[in-house]
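This is what each chain is made of:
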Amino acid sequence: MRYGKGRNTQHWRFQVGTLAVVKLVLQILLVVLSLLLTLLILMHKGKGGGLSDMFGGGLTQNAGSSGVAEKNLNRWTVIIALIWAAIIITLGLFIKFNLG
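Conventions adopted
- Residues numbered from 1 in each chain as written.
- Predicted model: local features only at pLDDT ≥ 70, side-chain atom pairs only at ≥ 80, totals over all residues.
- Heavy atoms only, no water.
- Helix = DSSP H or I, 4+ residues; strand = E, 2+ residues; numbered from the N terminus.
- Buried < 20%, exposed > 50% of the residue type's maximum accessible area, 1.4 Å probe, protein only.
- Contact = heavy atoms within 4.5 Å.
- Areas by Shrake-Rupley, 256 points an atom, 1.4 Å probe, with all protein chains shown as cover.
- Core = buried A, V, L, I, M, F, W, Y, C linked by side-chain atoms within 4.5 Å.

1. A few points about the overall build of the protein
No. 1: Assigned secondary structure in the protein consists of three helices and zero strands.
No. 2: When the elements of the protein are put in sequence order from the N terminus, they spell out α-α-α.
No. 3: Across the 100 residues in the protein, those meeting the buried criterion constitute 15%.
No. 4: Excluding contacts between residues fewer than 6 apart, the proportion of contacts in the protein whose partners are at least 24 apart in sequence is 82%.
No. 5: About 8,100 Å² of surface is accessible on the protein, with carbon and sulfur atoms providing 70% of the total.

Dropping the structure here:
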């Protein structure tokens, strides 16, 4: 196999450049989702006696939140956590196989 100038070399460079862009986008998305996931977890209603009460979660218990709102918050938290985990695994594979 020849590594000089040629058609195959340019194609390989394009793939490596594209994978580098994909890796960068995944890293940026990971940071954004990490912050969003942290906010969603902190928004959950405290069940009492936990860390959420220490940081003021106990104050919102009297206001009462809708059961539907809590369910939607749980759904969004789980969905974003699954996407976050998938990105972590994908970036780990990028590192393992030295891509990007």
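2. What to know about the environment of M43
No. 1: Along the chain, the position of M43 falls in helix 1 (residues 7-43).
No. 2: Classification of M43 by relative accessible area gives exposed; the value is 56%.
No. 3: Counting along the chain gives 27 residues from M43 to E70, while the straight-line C-alpha distance between them is 9.4 Å.

3. Considering the side chain of K23
No. 1: For K23, the position within the fold is in helix 1.
No. 2: With residues up to four places along the chain from it excluded, the contact list for K23 reads L91, F94, L99 and G100.

4. Quick word on the environment of Q15
No. 1: Here Q15 lies in helix 1.
No. 2: Between the C-alpha atoms of Q15 and L99, which are 84 residues apart in sequence, the distance is 9.8 Å.

5. Considering the nonpolar core
No. 1: Within the largest apolar cluster, ten residues are counted, these being L26, L30, L33, L37, L40, L73, I80, I87, L91 and F94.
No. 2: When contributions to this core are tallied by element, the ones reaching two or more residues are helix 1 and helix 3 (67-96).
No. 3: Apart from the residues within four sequence positions on either side, L30 is in contact with W84, I87, I88 and L91.

The analysis is restricted to geometry; functional conclusions fall outside its scope.
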